[in-house]
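The chain contents come next:
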Amino acid sequence: MDGLSSNLRRRPLQVAVAGLLFEVGFDNAEKMAHETLIEMTQSIICQVGLSARSYCELSGRTEPVIGDVIIALVNMGLPLDSIETHAKRSGRTVLPAPVPSTQPKQLSILQAGVKQSHPSHIPIHLPQFPDPHAYIRTPTHKQPVTEYEAIREKSASQKRDTERALTRFVAKTSDTHSLFLTEDTIFPLVACKPHMPPYLKALLPSDQVFEFEDEFSIPSCPTRGGPGPSRKARSDAEGEDDENLEELKENTEEGKGGETDSIDNPYLRPVKQPRKKKPKT
Amino acid sequence: MQGPYRMKKEKTADKSRPFKLAHQIVSLTGINIQRQSIIGFVELTIVPLRDTLRNIKLNAKQCRIYRVIINDAFEAPFQYFDPFLDICQGDTKQRSLDAFSTAHLAAALQTDPDNNAGELVISIPPEASHLVGEGRALRLGIEFSSEQPQGGVHFVIPNCEGTLSERGAHMFTYGHENSSRLWFPCVDSFAEPCTWRLEFTVDENMTAVSCGDLIEVGYTPDMRRKTYHYLLNTPTSAPNIALAVGPFEIFVDPYMHEVTLFCLPQLMPLLKVSARYMHEAFEFYEETLANRYPYSCYKQVFVDEADQDISAYATMSIVSTNLLHSMAIIDQTYVTRKAMAQAIAEQFFGCFISMQNWSDTWLPKGISTYLSSLYAKKCFGNNEYREWIQTELQEVVRYEEQFGGIVLDPSQAPAPVPSSTASPAAPPRPPDPGFYFPVRNLHTMSPKYLEVLRKKAHLVMRMLEHRIGQELLLQVFNKQLSLASNAVQEKIGSGLWSHMLISTNVFAKAIFTVTGKDMAVFIDQWVRTGGHAKFHLSFVFNRKRYTVELEIRQDATQQRGIRKYVGPLLVTIQELDGTFSHTLQVEGTVAKADITCHSKSRRNKKKKIPLCTGEEVDMDLSAMDADSPVLWLRLDPDMTLLRSTFIEQPDYQWQYQLRHERDVTAQMEAISALERYPTPASRLALTDTIENEQAYYKVRCRAAHCLTKVANAMVANWAGPPAMLAIFRKLFGSFSCPHIVRQNNFTNLQHYFLQKTIPVAMAGLRNTHGICPPEVIRFLLDLFKYNDNSKNRYSDNYYRASLVEALGATVTPVISVVQQGTAITAESVSSDTKLVLEEITRCLNLEKLLPCYKFTVSVACLKAIRKLQKFGHLPSNPSLFRSYAEYGQFIDVRLAALEALVDFTKVDGRWPDMEFLLDLAENDPEPSVRHQLIRMLVENPPFERSHKHRLDKEELVERLWNLINCMLSHDSRLRCNFVDLYYVLYGTRRPLCLPIPELAAILNIKHERHASPMQDKEVKPVLPLIPFVSASSDTEPAHVTSGAKRKVGSPLRETEVLTDDNHLGLVTVEIVAGDEGSKINVKEPSLNGGNLAPASKVRVLESLKEEPGNLSVTAAATPITANPVLPTVVPVTLAGNPVPPILPPGMNLGPPHPEGQVKSEYFSDNSQSLPGILGMPGPVGFEPGMFRAKESDGESGHSKHHRTDSMSKLKKKKKDKKKHKHKHKHRRDHKHGKEKDKDKDKDKRDLSKLKIKEETLSSGSSSPSPSASVSHEFSF
C-alpha cells in the first residue's frame, strides 16, 4: 500500500523534475541523478509543508494560511520573489493531470450490503448512511443447512467416517486376519479373540444403549404367593386381581424390602447352620 | 422286537422288570467343578415281584462303581458291561451299515431297561437271599464316582481370571432321551416312576438346582460347603431327573412365587425380561387342561453350552442361556417364548405323565407340542399357528419322502384291513420302512428322525383334534392328568402308579371312554403305519353340464414314505357365489367326482363375492374363464391329513387364490405355485400382496422372495426399476427424499420383518447378464450408509445382519479377467467386489469393538465371505473360519464358521481340512457344536456317494467306523449323527473305497473249511487292515492316532471286554468289574454260589427264565454255558421269541470245565480293589492323582483285545505285552505290508505259547461258526 501510494505521488514529481530539466536544456538524465533531484524536491516540499503546519499550529489554527507558508519559506531561506517570475516564465512545460484510476474500485471492495438511501426528511447533502452491516445484525457464519436429505447424508458420512477411522485404527494396532493369501492392508480384518465366557458379550451387546423406562414394572401379588395347591384357580378372580395389582404396584415401589420378605421361596431362605448330627451321605 | 408286543399284548416296559422301584435316593457328596468329578451314592428301594429274584439289572454308564450293598448289610457282587463300547463285537471286516444296524440294535437292546436289561448286573448274594421276597422292599445302595465324564454331565469352566463363581463356572446334566445312567446308576426307563430324595453337596457360593421341592439347605460342618436337600414325592422316572450347579443368580417370578428362575451372573436383567410372560403359559395350560400344574414348584435354569435349547425334567427345565434377551431384541423373543412354553408343557406331558414304552414317545412329545402350539396360537395368532402347522407338515413330508415313512408307534402292527372294504385287502406293508438305522430303539435312531417324529406326532395329535374336537381331546388329557394326580397320592403298593404312564393303547382307551368313539382305525392308520398320502388334483370345467370334473390321483403310493389313503377328503371350491366344501370318498388310486357348480348368477352384475370367512369382496374377474364360475380349488384346506398335495389349476386361479383367499396356508401355496408362472399378472399379484397391509407378514415376505424368482424369469421383458425397489421406497423411504431410508423405527413389527426381507429378496435379482443389477447394489450400499438406529427402541442387529446377507446374495460367480493361476489380491478384485468387501470388513471389524446381540452381524459377514470365496472373488481359504470356529467364540459365530468350513471342505477341502472337522466333531468341549457340526456335514457332505473324490479314502472310513463302533458309548445322539454321516457318504453297503477283498473272499472260504480253532491264526494276516481274529483290534488304528484324545474318557478304563471269538457280532459280553482298584471279591461268591456265572451266562439265564415255557434252562444248567457265549441266545433275549437255544451243529463246544475256573477268568486279574471298598465305609473323596495312575492303565485296558480277554487265563502282563504287539503290528500293517508275514509268524508264536490255556477256555467259542449266518439272518 505504501509503495503504491508513494509511487503515485512521486509520479507527478518525476514528471515535474523531468520537465524542469528539459526546460533548462537537458535532453537526457541519468536515473540516479533524476532520482536524486526528485528526492531533493520532495524533501523541500515536505519540509515546507511541515514548517507551514507547525507555524499554523503555533498560531492556534488548524489549517495553514498563506502566511504560514511564506514564513516557512523564509525560514528555510528560500527567496520568495523569484517564485512569481518562475511561475510566470515563458515556455514552461505543462504537466498532464494525474489519472485517478484505482480509487473507485477500492470502494466497491469495502461495500457491504446495499447502502440505504436517505429518507425524504433528510437533506441530500447530509452524509450517506454507512454500510448496512454497521447498524444491522449480520450473521458471521453460514446459515446451517436445514434440508433433510443433506442432514442425513452428513450424519451418515460422519458416522461412517468415525467408524472407519476407529476400525482402521484398531486394525492397525492389533492382530489382523487377511482375506487374501498375502498380507492385506486394504481390507484388514481385526483378528477375533476368544473371550470367556463367550455368552456375556453376545447377550449383553454394546453396540447400542437403550434406556428402558419401566415399560414393564413387575407387579407383585403377595396374595398369589405360596405353593401351588394353595393357589386359587386363576380365571375366577381375574378382574379383582387386576385391580389389586394396580394398587399393589405403588406399594411395591415404596417398600421393596418388605415385599421380598413375603415371598416364600425356598431358595430365598437362609442357609441352615450345620447340625450336630452330620447329615448322612 | 415285533415279537414281544405282538405275542403278548400285555407285556409293556413297566412290567418287564422282575421288580418295581419304589424310592430312590441320589446323594452326590462330592461335586467338584474344577476337577469335573462327582462322587456319590444312590440307594434304590426295590420291591421284588417274585421270590426268586437273583439278579437285578440297572443302568449305569461311565460311573466307576465302588460297591453295591443290600440293606446296608450285604455286599453284593456286580458285573458291568457296555456293548456300546464295541458295537460290532469283533466283526471287524464288514464296514457296512447293514451289518452295523443289526449289531447296533442288539447292543441297544442289551442295555435297554425296558427289555429288562442294563449295564450293571447285581447279583444278590446267597447270604442275602433271605431278604428277597415278593413285595418286601429291598434297599440297594451303590457307591460310585465319575471323573471327567464324557457325556451326561457337562461342566462349563470358562478359562479366564477369577474364582470359579466369578467366572460363572457351572455344571448341569443333559442327555439324549433316557440318559440319566450317564451320571448315576438307576433304572433308566421312562416307565419306572418312583419317589426321590436328592442331596447335593456343593461349594458355598454355588446353588444346586434339582427336581422336587427344596427342603432345606444346610452348611457342612466345615462351613465351606452347602448341602441341598430335595424331595420329590411325585413318582418320577429316572430320565426326568436332572441337576444344575452353578453360581446362579436367583429370581422369583413376581406373579407366581413357586416359579424360580436361575441365571448366570450378570444376566439378571435379561432374565427378568425374558421370563416376563412365563406365568401366562402356566395360566394358559391350567385353564386349557382344567387341571392344576402337577408339581408344587417349577425351576428354570439358564446354563451356557446347553445341549439343546430346552430340556424338561420333573419340576425343572434346563434352558440354554442363549435364549435370554433384552427388551430391545425382537426376533429372539418369539423363539424364547415358544421354547419356554414348550418346556412348561412338557412338565405336564413328558415329566409328570411319562410313557409306558419307549415306543409311546410320540404321545408325550405330540401332546406337549400340541399344547404349546395352542399357547403359541393364543400368543402369536392363528396365522402364525397355521403357517407353523404347514411348515411342519411340509417338513415331515420331505423327510418321509427322502428316508421313509415314520411309524409313530412301531411296537404293534396295525390291525389288518377289514375285508368289508370294497378294495382288495392290501398286503400289510412291511413293518420296517427301510431306514438305514434301527427304528426300534431311541438310542439308535437318527436325531433327525426323532426331530421329525416329534413334528409328526404333533400333527397327528392335531388330526385327532379334528376328528374328536378340541374340547373332547382336552378332556382326554384332563382325564389322564386327573388319574395321574390321584395316583400320586397313593403308595406304590396300590399299583396305581402305572396311571402316570401313557401308552398308545391307554390313550386310545381313554379317548373311547371320554368320547365314546373308537379311534382304533385312526391309530392304526396314522400311528401304527408310517408314511403320508400324496394327492394330485386336476379338474376340468364342463360347460354343458356346469360341473367341475375332479380327478384325484394317488400315483406315487409305491414311492418311499408315501402310502395310499382311503377315506374322506375335503375339497373346497371357491365359486363366484361363495365357498363350497365337498367331502369326497377317496378309495382307489384314482378318484373322480363331478361337482355341480352353484353359481348361476350373472357375472356381469358386479356382485360382491362371498368368501369362506363370510366377508364379501370385489374382484376383478376379467382374467378368468368367462364361462366358469370357479375361482380356485383347495384340497384338504385344514390340513387334517398327513399329505402333500399337488393341485393343477391355471395361473389366474392361483392369482385369485393369493389375492383373495383368507387362509395363509392357501396364500403360501399360491405363492409357491406362482413361481411357475412368470407373467406380468403374477408379478402384479405378488406386488400387491407385498404391499397389502392386511396380509400376514410371512406371506408378504414369502411373496417378496417369489417375486425375485418371477422377475428373474421375466428379465428379458422387465421394464422399469428393479422389482420391489418402489415398494421399499414407499414403505421405508423418507418423506422428503424417498431414496434415503427412514430412520429405523421397528414398532410396526410387520414392517420390520418386511424391511429385513425385501433387501435380501432384491439382492437375488439378476439382469440379462446374470449379475445383480448395479442399481440394486447401490441401493443396498445406501441402506448401509443411511442406516440410523439412534431413535429406535429396538436393536437393529438382525436388520443389519440381513443387509449383510443381502450383500452376500448379490454375489455372482466371477467372470475372470485375471488369467487363471494368478493369486487374487486386494488390488485385483473388481470394483463392485471392493465395495461389498469394504462394507463387510467394516461391519465385521466393528463387531469386535461394539458387538451386537448374539453377533448376528458377524455371522452374516462370515457367510457372505464364504460366498465371495466360493464364487471366486476371494481366495478360498479356511484359516479365517478356523479362527472363528475356535472354542471361546460365541456359539452362533462358531457354527457359522463351521458351516463355511464344511462348505469349503466340500469344494476345496483336503484331508487335513476333513481331519480338522472330524477332530472338532469328536472332541469339542461343547456338545451342541459336535452335534450340529455333524448335522452340517450330513446336510452338505464333503463328497457325493460313489463319486470319486480325494477325501473318499480308507482312512476316513476307518475313522468314522471306529467312531460309530466304539468311541461314542457316552453319547448315543452323536453316534447316530455319525451313522447318518456314514450313510450319506457310503450308503448302507460296504464303502467302495475299501479294497474289495478277494482277500475277504479267501477268508470266507477258509472260514468254511477250517473248523479248528487254529483257523484264526491262519486267517489273521490275510485281512489287510484289521486282522479278523483280533476281535477288538479294529479299534486300534484309531487308538494309535487318537489315543491321546480318549484320555478324557470315562474312568471305567479297566474294561474287561469279553467276547466270543467267533465273530458273531451279536453275542457279546463285556464285563467291567470296576477297574483295577476295585476289589470286588467275586471269586468267592462265585465259587460258592453255583448260580454265579459270567455275565453272559447270567444274562442268558435271566432272559431264559422269562420264557419258562420254552426253555428249561435254570441256574443249574449253567455249566452248559461254559462256552462263554451262546450265539443263539441273543435272539431269545432280544425278541423273547421261543427260539430254542440249541447250539448249531457246527458249533464246537469246548470241553466243559469247572465253573469256578471260568469265573476266576473273568474276575481274577481286573477286579482289583477300588479305593475305599475293602474295609472302608465308602468313598472318601478325591485325592490328587487318585485316578491318574489308572488312567494310563485304563487307556490300555480300553483298547484291550477281545480275544485276549477271552483268553484271560493269561497273566495280565502278558496280555499287555501282547496288546502292544498288536499295536505294532497294526502300525506295520498300514505302513509296511510286506512285514505282514513276519507278524503272522510272531502272532503264531504268541498264540502257540498260549495255546493250551486257550483250548480249555474258549475252544468252543473260537470254533468256526456256520451259526454266524443264523444269527445274522435273524431280523427284528
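This structure is a prediction, so every number in the text was calculated from the model and none was measured.

What counts and how
- Residues numbered from 1 in each chain as written.
- Chains lettered and ligands numbered in written order.
- Predicted model: local features only at pLDDT ≥ 70, side-chain atom pairs only at ≥ 80, totals over all residues.
- Heavy atoms only, no water.
- Domains from an automatic or database assignment.
- Contact = heavy atoms within 4.5 Å.
- Buried area = accessible area lost by both parts, 1.4 Å probe.
- Salt bridge = Lys/Arg side-chain N within 4 Å of Asp/Glu carboxyl O.
- Polar contact = N/O pair within 3.5 Å; in protein donor to acceptor, adjacent residues only side chain to side chain.
- Pairing = 2+ DSSP bridges.
- Helix = DSSP H or I, 4+ residues; strand = E, 2+ residues; numbered from the N terminus.
- Axes fitted to C-alpha atoms, helices over the stretch in contact; angles between N-to-C directions.
- Buried < 20%, exposed > 50% of the residue type's maximum accessible area, 1.4 Å probe, protein only.

> Tell me about the domain arrangement of chain B, residues and numbers included.
Residue and element names in this part refer to chain B. Considered domain by domain, chain B is made up of domain 1 (13–80 + 119–241), domain 2 (361–414 + 434–527) and domain 3 (748–821 + 828–865). If you average the C-alpha positions of domain 1 and of domain 2, the two centres end up 30 Å apart. Taken residue by residue, the interface counts 17 residues in domain 1 and 11 residues in domain 2. Here domain 1 packs against domain 2, burying approximately 1100 Å² in sum over the two surfaces, 72% of which is carbon and sulfur. The largest contributions to the domain 1 side of the interface with domain 2 come from His-176, Glu-177 and Pro-235, which together make up 44% of the buried area. Summed over the shared surface of domain 1 and domain 2, the result is 1 salt bridge. Glu-177 serves as the salt-bridge partner of Lys-365, at 3.1 Å between the closest nitrogen and oxygen. At the surface where domain 1 touches domain 2, the tally comes to 2 residue pairs in polar contact (both at pLDDT 80 or more).

> Requested: an account of the sheet that holds strand E26 (residues 578–586) of chain B, with residues and values cited.
Residue and element names in this part refer to chain B. Taken in spatial order, the 3 strands of this open sheet run E26-E25-E30, and their pairing is antiparallel. Edge positions in the sheet fall to E26 and strand E30 (630–635), since each has one partner strand and no second. When strand polarity is set aside, the average angle formed by the axes of neighbouring strands in this sheet is 25 degrees. Of the strand pairs in this sheet, strand E25 (residues 567–575) and E26 are connected by 9 bridges, and their pairing is antiparallel. Looking at E26, one finds that Glu-575 is bridged to Gly-578.

> Can you lay out the pairing of strand E19 (residues 310–313) of chain B for me, pointing to particular residues and giving the numbers?
Remark: a regular strand shows side chains that alternate across the two faces of the sheet. Neither face of E19 of chain B is open: one carries Ile-310 and Ala-312 of chain B, the other Ser-311 and Tyr-313 of chain B, and all of them are buried. Connecting the antiparallel pair E19 of chain B and strand E20 (residues 316–320) of chain B is a turn made up of 2 residues, with Thr-315 of chain B showing a positive phi of about 60 degrees.

> Provide a residue-level description of the sheet that holds strand E23 (residues 533–542) of chain B, including the pertinent values.
Residues and elements named next belong to chain B. Spatially, the 4 strands line up as an open sheet ordered E27-E24-E23-E31, and their pairing is mixed. Two strands close off the open sheet at either side, each with one partner strand: strand E27 (590–596) and strand E31 (643–647). Each adjacent strand pair in this sheet contributes to an overall mean axis angle of 20 degrees, direction not counted.

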